[in-house]
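Read off the chains here:
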Amino acid sequence: MKNDYPIAVMVVDDHPMVRKGLASFLLSNPGLQLAGEAANGKEALAICQDKLPDVILMDLVMPVLDGFSAAELIRGLYPQVKIIALTSYPDARYLQRAMNLGLDGFILKDISSEDLSNAIRSVHGGSQIFSAPVERMLQHNSEDERKIDTLTPREYE
C-alpha cells in the first residue's frame, strides 16, 4: 500500500557528516522527508515534541543523552514513532538492549542507500528490520538458547 504523504524521518547522530549525509539522502529520496536533525537524544526529544516524525534513525552512542535513553523516553511519550537503531557497532549487548526497548530496527551504518530506504519504508509499514550481520547474531543467539534448553541440569550448572 502506497502512502499519499511522505514519511517524515528524523536523523539523530552526534557526527555532523553522518547527519548531513543522511539528511541529503532523505531530501533526494521520493516519499521520504527530513523531519529534523539532532546531535543527541536531548535534541531529539525536543524535535519530537515539535515535529513528531514517523521514523527516527537513532545512533546509540552519543553524548548528553545516548540513543538508548532517548529511545526509551520517546517510546514512553510518542509510542507511535518508529525507531531504528543506526549504529557502527554490531555488538550483541547493544542489540539485546535495543530489543528490550522494543526498537523497530537495528541496522549498521554500512547499509546501502537502497536498503536504508527499504528499511525505513518497511518499519513505517509495521515490520521490524535488522541488517544481515544482525540477523546472523539473532540466529546464533536463538541457536545458543536452544542448545541451553537441551542441557541436563548438571551441564547447565
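Since the model is a prediction, treat every value here as computed from it, not as a measurement.

Parameters and conventions
- Residues numbered from 1 in each chain as written.
- Predicted model: local features only at pLDDT ≥ 70, side-chain atom pairs only at ≥ 80, totals over all residues.
- Heavy atoms only, no water.
- Phe/Tyr/Trp six-rings, centres within 6.5 Å; stacked < 30°, edge-to-face > 60°.
- Helix = DSSP H or I, 4+ residues; strand = E, 2+ residues; numbered from the N terminus.
- pLDDT = per-residue confidence, 0-100.
- Contact = heavy atoms within 4.5 Å.
- Pairing = 2+ DSSP bridges.
- Axes fitted to C-alpha atoms, helices over the stretch in contact; angles between N-to-C directions.

> Let's hear about the packing of aromatic side chains: which residues, and what values?
All chains considered together, the criterion is met by 1 aromatic pair. Both rings, one in Phe68 and one in Tyr94, keep their centres 5.6 Å apart while their planes meet at 65°; by these two values the pair is edge-to-face. Placement of the pair is Phe68 in helix 3 (residues 67–77) and Tyr94 in helix 4 (residues 92–100), with a sequence separation of 26 residues.

> Before we move on, could you go through the confidence of the model for the chain and cite the residues and values that matter?
Summary statistics for the chain give a mean pLDDT of 86 and a share of 81% for residues scoring 70 or more. Within the model, the stretch residues 142–148 combines pLDDT values under 50 with 1 contact to residues more than four positions away or in other chains.

> Summarise the sheet that holds strand 5 (residues 105–108); cite the residues concerned and give the values.
Sheets are built from strands that pair by backbone hydrogen bonding, the pairs being arranged parallel or antiparallel. Read from one edge to the other, the open sheet built from 6 strands follows the order 2-1-3-4-5-6, with strand pairing classed as parallel. If you trace the sheet from one side to the other, it starts and ends with strand 2 (32–38) and strand 6 (129–130), each paired once. Inspection of the sheet shows strand 4 (residues 82–87) paired to strand 5 by 4 bridges, in the parallel sense. Paired with Ala85 across the strands is Phe106, a residue of strand 5. Packed onto the sheet, helix 5 (residues 113–124) meets strand 1 (7–12), strand 2, strand 3 (55–58), strand 4, strand 5 and strand 6 and runs at close to 150° relative to strand 4.

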